[in-house]
Amino acid sequence: MKKFIAGVIITLAIVFIVRSCNDGKVDKSILQENSMLIQQEITNVSKLIVTEGHFAEVYNYKDSKELFGQLLRAEKKALVVVNADVTVAYDLSQIDFEIDEKTKTVKINSIPEAEIKLNPDFQYYDVTADYLNQFDAADYNKIKKTVNASLMKKVEASSLRSNAENRLLSELQKFYILTNSMGWRLTYQEQTIESLKGLQVIKP
């Protein structure tokens, strides 16, 4: 009888140990699957978020050169019309993030800066120049530099950047919804994101 009871106890102990090991393996497998799923989903949304705009600029270029002191002045001028397509984008493939399986945390360390790209089309009208003060490459480079700087000021004063930031937040919402639905935690620079509204703290 004692041998029978001892056998039962040993059998139950073995079953308990085997089940515990299997449960541990299942939990670890689920954790790894969740981690891989999060990694995959973050990769899927790692695309350019683009806001596009169009700007026009009219620029009067004038240059004069004194010859023989103030006795003679050689001038050149041009009317420049510029139509520019502008894009504001975030390359989410450059997001610096970590996945901590032990604490079930997705840590976003940094977001890339917005990329502003100008694609201007220059049209020159009423180009006139005196013989002793002709247009050259330096003039065209100066015009392009001045116009591009003016366009950048217009972009910064427009709603393009804020629209791009709103698009960025809409993409980052996918991170929060995914991690929250799986019981994980999302942080940005060590600050826990506890709601969709909390994403407002994320600034590139």
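Report follows, based on the coordinates.

## Observations concerning the overall build of the chain
Step number 1: Helices and strands together make up the secondary structure of the chain, namely three helices and seven strands.
Step number 2: The helix and strand sequence of the chain, counted from the amino end, reads α-β-β-β-β-β-α-α-β-β.
Step number 3: The buried share among the 204 residues of the chain stands at 29%.
Step number 4: Within the structure as shown, the chain displays about 13,400 Å² of accessible surface, and the carbon and sulfur contribution to it stands at 53%.

## What about a nonpolar patch on the surface?
Step number 1: Nonpolar side chains collect at one region of the surface, where Leu72, Tyr131 and Leu132 lie side by side and expose about 360 Å² of accessible area between them.
Step number 2: Within the secondary structure, Tyr131 is located in the loop between β5 (115-129) and α2 (137-157).

## Some remarks on the packing of aromatic side chains
Step number 1: According to the stated counting rule, one finds five aromatic pairs in the structure shown.
Step number 2: A centroid spacing of 6.4 Å and a plane angle of 40° characterise the contact between Tyr59 and Tyr61, whose relative ring orientation is tilted. Across the pair, Tyr61 and Tyr59 agree in class, each one buried.
Step number 3: Here Tyr61 and Phe135 contribute two aromatic rings whose centre-to-centre distance is 5.9 Å and whose plane-to-plane angle is 50°, an arrangement assigned as tilted. Pair noted here: Tyr61 is in strand β1 (residues 48-67) and Phe135 is in the loop between β5 and α2, with a separation of 74 residues, a long-range link. Across the pair, exposure class does not vary: Tyr61 and Phe135 are buried alike.
Step number 4: Sitting over the face of the ring of Phe122, Lys144 holds its NZ or CZ atom 5.9 Å from the ring centroid.

## A closer look at the sheet that holds strand β6 (residues 185-188)
Step number 1: The strand order β3-β4-β6-β7 describes an open sheet built from four strands, whose pairing is mixed. With one partner strand each, in any of the chains shown, β3 (96-100) and β7 (191-193) form the two edges of the open sheet. Across the sheet, the mean angle from the axis of one strand to that of its neighbour is 25°, orientation sign disregarded.
Step number 2: Relative to strand β4 (residues 105-110), β3 is paired through five bridges, and the arrangement is antiparallel. Looking at the pairing, Asp100 lines up with Thr105 of β4.

## Things to note about the pairing of strand β2 (residues 72-91)
Step number 1: Bridge analysis of β1 against β2 gives 20 bridges, and the strand direction is antiparallel. Residue pairing in the sheet places His54 in a bridge with Asp85 of β2.
Step number 2: Alignment of β2 against β5, held across 13 bridges, turns out to be antiparallel. Looking at β5, one finds that Asp85 is bridged to Asn119.

Reading the values: the criteria
Residues numbered from 1 in each chain as written. Predicted model: local features only at pLDDT ≥ 70, side-chain atom pairs only at ≥ 80, totals over all residues. Heavy atoms only, no water. Helix = DSSP H or I, 4+ residues; strand = E, 2+ residues; numbered from the N terminus. Buried < 20%, exposed > 50% of the residue type's maximum accessible area, 1.4 Å probe, protein only. Areas by Shrake-Rupley, 256 points an atom, 1.4 Å probe, with all protein chains shown as cover. Patch = residues over 30% accessible without salt bridge, like charges linked within 9 Å, V, L, I, M, F, W, Y side chains within 5 Å. Salt bridge = Lys/Arg side-chain N within 4 Å of Asp/Glu carboxyl O. Phe/Tyr/Trp six-rings, centres within 6.5 Å; stacked < 30°, edge-to-face > 60°. Lys NZ or Arg CZ within 6 Å of the ring centre and 35° of its normal. Pairing = 2+ DSSP bridges. Axes fitted to C-alpha atoms, helices over the stretch in contact; angles between N-to-C directions.

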